[in-house]
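Structural features, examined
Each chain, letter by letter, is given below.
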Amino acid sequence: MRLRTYYFVICRLPMAHILIAEDEQRISSFIEKGLKSHGYTTTTVGDAHAALSLSMSDSFDLLILDLGLPDRDGLEVLTDLRGQGAKLPVIILTARDDLKDKISGLNGGADDYMTKPFRFEELLARVRARLRTVTYTSSTAPLTLMIHNVALDLRTRKAKVNDEWIELPSREFTLAETFFQHPDHVLSRQQLLDRVWGYDYDPGSNIVDVYVGYLRKKLGNDLIQTVRGVGYRLKE
Ligand code: CA
């Protein structure tokens with residue numbers, strides 16, 4: 001019998017359903033794609049009316065709310081939502097970066113306030129923090145991805161190589177996480193840029209190659225293979 005030399009374990013927290021209220025399609029699909037690739041279910045609406053009625057439906061765990069919506073201001077959605085006693089966690093995601101806007105957002109009942117342009121990994125961290133606080137406080141479920149001799153702890157965001165824990169800077173960890181969530185898949189540089197660096201990067205840069213180099217040094221040279229002309233693959 002052939003012994004398999006790898007093992008792959010994913011222990012996931014319950015999947016959360018996130019409502020995205022965003023009228024700019026480029027941004028909403030960027031958020032949606034990113035959240036889906038991290039196991040979340042998403043629904044997107046492009047106006048305040050739909051955002052409010054769906055938020056009241058009890059089907060969601062979190063609302064990501066743009067303020068500049070075409071029919072009404074997002075702040076009014078928030079005010080109505082809180083006025084009706086809804087406890088749904090809300091992260092405002094907006095281009096308005098004035099201190100007074102932030103204060104009115106938070107005073108109006110938002111749990112968090114984030115400004116555009118933004119990095120996906122920061123939004124993801126904030127989403128996780130919100131869901132952790134509200135929904136999963138009592139959960140002690142492990143959240144570990146493991147391939148070969150390398151494990152990633154998604155809560156502490158540390159990697160373990162041959163039983164030794166190592167710290168990875170945030171961007172490197174997110175890149176590693178992306179590979180570990182898609183073992184054996186060929187991921188193009190573009191996909192990796194979208195997932196790890198967000199839409200706010202220089203398209204001509206070789207940043208992906210540089211960071212893959214960092215990961216190889218830290219996690220092992222053979223773990224991530226180059227697929228010529230396409231991108232990279234985590235060897236399963
Ligand atoms: Ca908008």
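Below or above, wherever it landed, is the structure these notes cover.

Rules and cut-offs
Residues numbered from 1 in each chain as written. Predicted model: local features only at pLDDT ≥ 70, side-chain atom pairs only at ≥ 80, totals over all residues. Heavy atoms only, no water. Helix = DSSP H or I, 4+ residues; strand = E, 2+ residues; numbered from the N terminus. Buried < 20%, exposed > 50% of the residue type's maximum accessible area, 1.4 Å probe, protein only. Donors = N, O, S within 2.8 Å, 3.2 Å for Na, K, Ca; no water. Core = buried A, V, L, I, M, F, W, Y, C linked by side-chain atoms within 4.5 Å. Contact = heavy atoms within 4.5 Å. Axes fitted to C-alpha atoms, helices over the stretch in contact; angles between N-to-C directions. Parallel < 35°, antiparallel > 145°, perpendicular 65-115°, else oblique. Left-handed = near helix turned anticlockwise from the far one by under 90°. Nonpolar A, V, L, I, M, F, W, Y, C, P; charged D, E, K, R; others polar. Salt bridge = Lys/Arg side-chain N within 4 Å of Asp/Glu carboxyl O. Phe/Tyr/Trp six-rings, centres within 6.5 Å; stacked < 30°, edge-to-face > 60°.

Bringing the environment of Phe30 into the picture now. Following the sequence through the fold, Phe30 ends up in helix α1 (residues 25-37). Residue class for Phe30 comes out buried when judged on its relative accessible area of 8%. When the C-alpha positions of Phe30 and Phe120 are compared, they lie 8.4 Å apart, and in sequence the two are 90 residues distant.

What follows covers the coordination of the calcium ion. Ligation of the calcium ion by protein atoms is provided by Asp23 (OD), Asp66 (OD) and Gly68 (O), these donors lying 2.2 to 2.5 Å from the ion. Taken in sequence order, the residues that donate to the calcium ion follow the motif D-x42-D-x1-G. Taken together, the residues span a long stretch of sequence, with Asp23 in the loop between β2 (17-21) and α1 and Asp66 in the loop between β4 (62-65) and α3 (74-83) at a distance of 43 residues. Taking relative accessible area as the criterion, Asp66 reaches 4% and is therefore assigned buried.

Core analysis: the largest hydrophobic core is formed by 28 residues, its most contacted members being Leu152, Leu175, Phe179, Phe180, Leu215, Leu219 and Ile224. Only β7 (144-147), β8 (150-153), β9 (158-161), α6 (170-181), α7 (189-197), α8 (207-219) and β13 (231-234) provide two or more residues apiece to this core. Leaving out residues up to four positions away in the same chain, Ile224 has contacts with Phe179, Val212, Leu215, Arg216, Tyr232, Arg233 and Leu234. Counting 21 residues, the second largest nonpolar core, distinct from the first, contains Val45, Ala50, Leu69 and Val77.

So, about the packing of α6 against α7. Contact pair α6 / α7: the axes reach a minimum separation of 9 Å and the direction vectors enclose 125°. Taken together, the axes of α6 and α7 lie oblique to each other. When you trace α6 past α7, the crossing you get is right-handed. Facing Arg171, Thr174, Leu175, Thr178 and Phe179 of α6, the residues of α7 in contact are Leu192, Arg195, Val196 and Trp197. Partitioning the contact of α6 with α7 into residue classes produces 5 nonpolar, 2 polar and 2 charged.

All right, on to the pattern of salt bridges then. Taken as a whole, this structure holds 17 salt bridges when the rule is applied. We note a salt bridge from Asp73 to Arg96, for which the minimum N-O separation is 2.7 Å. Linking Asp73 in the loop between β4 and α3 with Arg96 in the loop between β5 (90-94) and α4 (99-107), this pair joins segments that are 23 residues apart in sequence. Overall, the relative accessible area of 26% leaves Arg96 in the partly exposed class. Close ionic contact of Lys158 with Glu167 constitutes a salt bridge, the shortest N to O distance being 3.8 Å.

On to the packing of aromatic side chains. Counted according to the given criterion, the structure contains 4 aromatic pairs. Centre to centre, the rings of Phe30 and Phe118 are 5.8 Å apart; their planes meet at 55°, and the pair counts as tilted. Here Phe30 is found in helix α1, whereas its partner Phe118 is found in the loop between β6 (112-115) and α5 (120-134), with 88 residues between them in sequence. Each member of the pair Phe30 and Phe118 is classed as buried. Judged by centre distance (6.0 Å) and plane angle (80°), the rings of Phe30 and Phe120 are edge-to-face. Here the residue Phe30 occupies a position in helix α1, and Phe120 occupies one in helix α5, the gap between them amounting to 90 residues.

On their own, these measurements won't tell you what the molecule is for.
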